[in-house]
Amino acid sequence: MTTRVAVVGAGAAGLSQLAQLVSAFSRAGTPEVDVVCYEARGGVGGTWNTDPHPAPFLQSSVREGDAEHTFVYPPAGHAPTPMYDQLRTNLPHDLMAFRNFPFPNGTSLFPDSQTVLSYLESYATSLGLTQHIRFNTRVERVARTPGASGRRWTVESVDAAGARETETFDYVSVANGHYSDSWIPPIEGLGTFPGTLLHSRTYRRPEDYAGQTVLVVGSFASGSDVARQLALLNVAGERGAGGATPNGQGPSRTPAAQTPGAPSHPYTTVYQSCSAPEATARAMAGTPHAAHIRVVPLISHVCAPSAVRPRGTVVLADGTEIDDVTTIVFATGYNFAFPFLKADDGWGPLVDSVIRPQERACGNEWEVGGVKGLGMEGLDELLLFRKDDRTVAFPALPYQVVPFPLAEMQARLVSLLWAGLLPSFPAHPRLPPNPNNPYCGSSDPDAAGGATDAPAPAADTDAHADPGAVTGTRTDTDTAAPPAAAPRTVFRQRKQLVFVAPYEWTYTSYLMSLTAEAEAASAACWRHVEDWRRARRADSALRARTLGY
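Conventions used here
- Residues numbered from 1 in each chain as written.
- Predicted model: local features only at pLDDT ≥ 70, side-chain atom pairs only at ≥ 80, totals over all residues.
- Heavy atoms only, no water.
- Phe/Tyr/Trp six-rings, centres within 6.5 Å; stacked < 30°, edge-to-face > 60°.
- Helix = DSSP H or I, 4+ residues; strand = E, 2+ residues; numbered from the N terminus.
- Buried < 20%, exposed > 50% of the residue type's maximum accessible area, 1.4 Å probe, protein only.
- Lys NZ or Arg CZ within 6 Å of the ring centre and 35° of its normal.
- Core = buried A, V, L, I, M, F, W, Y, C linked by side-chain atoms within 4.5 Å.
- Contact = heavy atoms within 4.5 Å.
- Axes fitted to C-alpha atoms, helices over the stretch in contact; angles between N-to-C directions.
- Parallel < 35°, antiparallel > 145°, perpendicular 65-115°, else oblique.
- Left-handed = near helix turned anticlockwise from the far one by under 90°.
- Nonpolar A, V, L, I, M, F, W, Y, C, P; charged D, E, K, R; others polar.
- Pairing = 2+ DSSP bridges.
- pLDDT = per-residue confidence, 0-100.
- Expected span 1.5 Å × (residues − 1).

**Student:** An account of the packing of aromatic side chains is needed here, citing residue identities and associated values.
**Tutor:** Summed over all chains, the structure comprises 16 aromatic pairs. Seen in terms of ring centroids, Y179 and Y334 are 5.3 Å apart; in terms of plane orientation they differ by 80°. Their pairing is edge-to-face. On the criterion of sequence distance, the pair formed by Y179 in the loop between strand 9 (171-174) and strand 10 (196-199) and Y334 in the loop between strand 17 (327-330) and strand 18 (336-342) is long-range, its members being 155 residues apart. Taking the centre distance of 5.1 Å and the plane angle of 90° together, the rings of F499 and Y503 count as edge-to-face. Considered together, F499 and Y503 belong to a single accessibility category, that of buried residues. Ring-pair connections join several aromatic residues into one group, and the members of that group are F98, F101, F103, Y119, Y123 and F404. Directly above the aromatic system of W526 lies the positively charged group of R412, at a separation of 3.9 Å from the ring centroid. A cation over a ring is seen here: R494 above F336, with NZ or CZ 4.8 Å from the ring centre.

This is the structure:
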């Protein structure tokens, strides 16, 4: 009997899952396989598939108890990705690439988004993956097939013409990406803000906000990059433009176009709001844009407009009031969102919330009832499969990792297991400890209990690696300092899924130990983590040396 596998999404994780399924089921002794990949867009690439001009987002506010929640979402029929102009990867391409499929010669060390998209398109074409993909086909429901016999999963989809189809599968890999449901922290009074409010998902280019007063909320990759782009609007006119910078008494609002070499717009005032303003300011010190960003604490609340303050007032956690903000950009991350996994179909325990009607009014209302949230609660010990059900997989969930090769290794394990090539796979594998994450380890109140039949390996199971060969860098066997009493917000939200380098190598090595029985004849890259990867990842200053920021 042919094994049927559904893959949801043809981004990097979905493509790697496709490639690994085709590879695993081509081995001797495996059953025939029919793999169907559903992709809502017209091409591969997922989040790297850029929308240069996204439709304006809708906005709604919902009060729950004492908290005011603000939602921004696209109108019906739209699903833009968060790629913006001038974006470059924050990982070097050799480290970022899939195993045995490097970026082309001559690629910039930190490529732009179009280069990454072209790489993924080439990967799909070279490996013959597109024959398995149904483009412009959206999955709207995945549920257990009624009855005890037949295939386990039912998938309902709809194509661009509106034609609906229902099919059944033995296995499902959910690789729909995690940059489609914007998260904005609850802020009292935010709904009264009269200016432009957006999430970084719809930010595209700094020129759209030239001459404005912009408050960027967030200091991770996107937040810092957006703030930097906006601030650089002022750099060309820094000399002789007149007026003080944000490090003085306040930026000039006088048009600088009359000054030779100055920008043709008024000064763009940039605030960056974050939980650790002093550390954020230190990190950008000495860069050309640093003088044009005023780093401030997080927002406490927003006061409604008044006759005296027509733009309203943004009140910061230290009591500072800003009354001239015209645009707020929230670079505050995303929910895990699975609109096709309905809570009513038994998916509720997987994530900690659901998509409500108020979040999709006049938007993609079919998503209502799907599960979403900042944390994943229903995963197995490997943080890869649904708890107690290895017929459904969720690759590429971990945070602070090199995503392509990690998703690829997860996809390889999933594929080998589903192809029946891992007969010794333990019922309850046990991950190595992650000393940098306060939610991992025996003291974690959320950790799954019960006996395990796979012993916990040492911090690094890779016998081929020589972690100590990299002088002055942390290795997988380092012992981290005890976690702070109050974990950082990202840990409280994502919990065990925050890996923090170098744990991704520990995790990858452990997956390789689980697949070892099927890899005797495989290339070395599938049997151990190469030393060069560790060294490259540990070089945290490489991007600054290469790009200057």
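**Student:** Pulling in residues and values, what's your account of the nonpolar core?
**Tutor:** F338 and F394 are the most contacted members of the largest nonpolar core, which totals 106 residues. Among the elements that line this core, the one with the most residues is helix 6 (residues 403-418), at 8 residues. Beyond its immediate chain neighbours, meaning those up to four positions away, F394 contacts V174, F338, L341, W347, L350, L379, L383, L384 and R386. Counting residues in hydrophobic clusters, the runner-up holds 19 residues, among them V72, L215, I299 and V314.

**Student:** Describe in detail the packing of helix 8 (residues 503-515) against helix 9 (residues 531-538), supporting the description with residues and values.
**Tutor:** For the pair helix 8 and helix 9, interaxial distance at closest approach is 11 Å and the crossing angle is 160°. In terms of orientation, helix 8 lies roughly antiparallel with respect to helix 9. In terms of crossing hand, the pair formed by helix 8 and helix 9 is right-handed. In this structure, helix 8 contributes E504, W505 and S509 to the contact, and helix 9 contributes R533, R534 and R537. Counted by class, the contact of helix 8 with helix 9 contains 1 nonpolar, 1 polar and 4 charged residues.

**Student:** Quick one: what's the story with the sheet that holds strand 21 (residues 385-386), residue by residue and with numbers?
**Tutor:** Across the sheet, 6 strands lie side by side as 5-2-1-9-22-21; this open sheet has mixed pairing. Each edge of the open sheet carries a strand with a single partner, namely strand 5 (133-134) and strand 21. In this fold helix 1 (residues 12-24) packs onto strand 1 (3-8), strand 2 (33-38), strand 5 and strand 9, with an angle of close to 165° to the strand it touches most, strand 1. Most of the contacts of helix 6 go to strand 22 (residues 389-393), to which it runs at about 130°, and overall it touches strand 1, strand 9, strand 21 and strand 22.

**Student:** Break down the confidence of the model for the protein for me, with residues and values.
**Tutor:** The predicted model of the protein has a mean per-residue pLDDT of 88, with 86% of residues at 70 or higher. This stretch, residues 239-260, has a pLDDT under 50; its non-local contacts, to residues over four places away or in other chains, come to 39 contacts. Counting interchain partners and residues more than four positions distant, the pLDDT-below-50 stretch residues 442-483 has 65 contacts.

**Student:** An account of the sheet that holds strand 14 (residues 299-303) is needed here, citing residue identities and associated values.
**Tutor:** Spatial strand order, 14-15-16: 3 strands in an open sheet with antiparallel pairing. In this open sheet, the two edge strands, each paired with only one partner strand, are strand 14 and strand 16 (321-322). Judged from the 2 bridges that link them, strand 15 (residues 313-316) and strand 16 form a sheet pairing that is antiparallel. The partner of V315 across the bridge, within strand 16, is E321.

**Student:** Mind laying out helix 1, listing which residues take part and the relevant values?
**Tutor:** Taking 1.5 Å of rise per residue, the 13 residues of helix 1 would be expected to cover 18 Å, and the 18 Å separating its terminal C-alpha atoms lies within 8% of that figure. Burial within helix 1 is extensive, with 11 of its 13 residues counted as buried. When we look at burial in helix 1, the residues that qualify are A12, A13, G14, L15, S16, Q17, L18, A19, Q20, L21 and A24. Those residues of helix 1 hidden inside the fold are in contact with strand 1, strand 2, helix 3 (113-126), strand 5, strand 9 and helix 6.

**Student:** An account of the pairing of strand 18 is requested, with residue identities and associated values reported.
**Tutor:** Counted residue by residue, strand 18 has 7 buried out of 7 residues, so it is predominantly covered. Pairing analysis gives 4 bridges linking strand 18 to strand 20 (residues 370-376), with the strands arranged antiparallel. For K342, the partnering residue across the bridge sits in strand 20 and is G370.

**Student:** Explain unusual backbone geometry residue by residue, including any values.
**Tutor:** Here the amide bond leading from A501 into P502 is cis, since omega sits at 10°, within 30 degrees of zero. Topologically, P502 is positioned in the loop between helix 7 (489-494) and helix 8. Of note, N100 is a non-glycine position whose phi angle comes to about 60°, a positive value. Mapped onto the elements, N100 comes out in the loop between helix 2 (93-96) and helix 3. Residue classification places N100 among the exposed positions, given a relative accessible area of 60%.

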